[in-house]
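Residue-level structural notes
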Amino acid sequence: MRLRPVTIASSVRLRTRLVALGLIATAPALIVILYTQSLERARARDSAIADIRQVTQLAAGQQATWFDGVQRLLLTLPQLPDVRSSDPSRCRALLPGVLRDHPGYINIWIYKENNPTFCEAIPIDPTRTA
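Cut-off values and rules
Residues numbered from 1 in each chain as written. Predicted model: local features only at pLDDT ≥ 70, side-chain atom pairs only at ≥ 80, totals over all residues. Heavy atoms only, no water. Helix = DSSP H or I, 4+ residues; strand = E, 2+ residues; numbered from the N terminus. Contact = heavy atoms within 4.5 Å. Areas by Shrake-Rupley, 256 points an atom, 1.4 Å probe, with all protein chains shown as cover. Polar contact = N/O pair within 3.5 Å; in protein donor to acceptor, adjacent residues only side chain to side chain. Phe/Tyr/Trp six-rings, centres within 6.5 Å; stacked < 30°, edge-to-face > 60°. Buried < 20%, exposed > 50% of the residue type's maximum accessible area, 1.4 Å probe, protein only. pLDDT = per-residue confidence, 0-100. Patch = residues over 30% accessible without salt bridge, like charges linked within 9 Å, V, L, I, M, F, W, Y side chains within 5 Å. Salt bridge = Lys/Arg side-chain N within 4 Å of Asp/Glu carboxyl O. Core = buried A, V, L, I, M, F, W, Y, C linked by side-chain atoms within 4.5 Å.

**A few points about the overall build of the chain**
Within the chain, the secondary structure is distributed over four helices and two strands. When the helices and strands of the chain are placed in sequence order, the string is α-α-α-β-β-α. Here the contacts in the chain between residues at least 6 apart in sequence split such that 45% fall between residues at least 24 apart. Carbon together with sulfur atoms contributes 64% to the accessible area of the chain, which is approximately 11,000 Å² in total.

In structure tokens:
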């Protein structure tokens, strides 16, 4: 058996083989890591989309409830005798109680064609409303 002397070319070949072997050995681990990260990103994206849908549905439900309440109030107020009467003092006596029952409103005004400043729940200086 004869030994070959180690030359620069054979050591480069050996290094190349070792590097290639190292890359081949770590490639499956890198592939698994990249695949797992892509799955995690997809899961996080899907979770964020589901959360956004839930929040928007909740907000839409709250808005629908609010608008239903406004619509009921707008349909109910004209039916009340104190509002139908031509006496603004009767209307002014009624509206503060209505406003107390609906705390989401700042004020309630009722305008009639013949009297644009008919009544309000909280009196406002007419110079401000002009």
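**Some points on the side chain of Asn-107**
Of note, Asn-107 is situated in the loop between helix H3 (88-101) and strand S1 (109-112). In this structure the side chain of Asn-107 is engaged in a polar contact, spanning 3.3 Å, whose partner is the backbone nitrogen of Ala-121. At a separation of 2.9 Å, a polar atom in the side chain of Asn-107 contacts the main-chain carbonyl oxygen of Ile-122. Here Asn-107 is in contact with Leu-99, Glu-120, Ala-121, Ile-122 and Ile-124, once residues within four sequence places are set aside.

**Focus on the packing of aromatic side chains**
Counted according to the given criterion, the structure contains one aromatic pair. Ring centres of Trp-66 and Tyr-105 lie 5.5 Å apart, and the angle between their planes is 40°; on these two criteria the pair is classed as tilted. Of this pair, Trp-66 sits in helix H1 (residues 8-76) while Tyr-105 sits in the loop between H3 and S1, placing them 39 residues apart in sequence. Overall, Trp-66 belongs to the partly exposed group, its relative accessible area being 40%.

**What to know about the confidence of the model for the chain**
Here the chain averages 86 in pLDDT, and 86% of its residues register 70 or above. Ranking the elements of the chain by mean pLDDT puts helix H4 (residues 126-129) last with 67 and H1 first with 90.

**Some thoughts on a nonpolar patch on the surface**
Residues Leu-14, Leu-18 and Leu-21 make up a contiguous nonpolar surface patch of about 320 Å² in total accessible area. Here Leu-18 lies in helix H1.

**As for the nonpolar core**
Leu-73, Leu-77, Val-83, Cys-91, Leu-95, Val-98, Leu-99, Ile-108, Ile-110, Phe-118, Cys-119 and Ala-121 form the largest nonpolar core, which has twelve residues in total. Tallying contributions element by element places H3 first for this core, with four residues.

**Description of the pattern of salt bridges**
Enumeration according to the criterion identifies three salt bridges in this entry. The shortest N-O distance in the salt bridge between Glu-40 and Arg-43 comes to 2.5 Å. In this pair, Glu-40 and Arg-43 both sit in helix H1, three residues apart, roughly one turn of the helix. On the accessibility criterion, Glu-40 (42% relative accessible area) is partly exposed.

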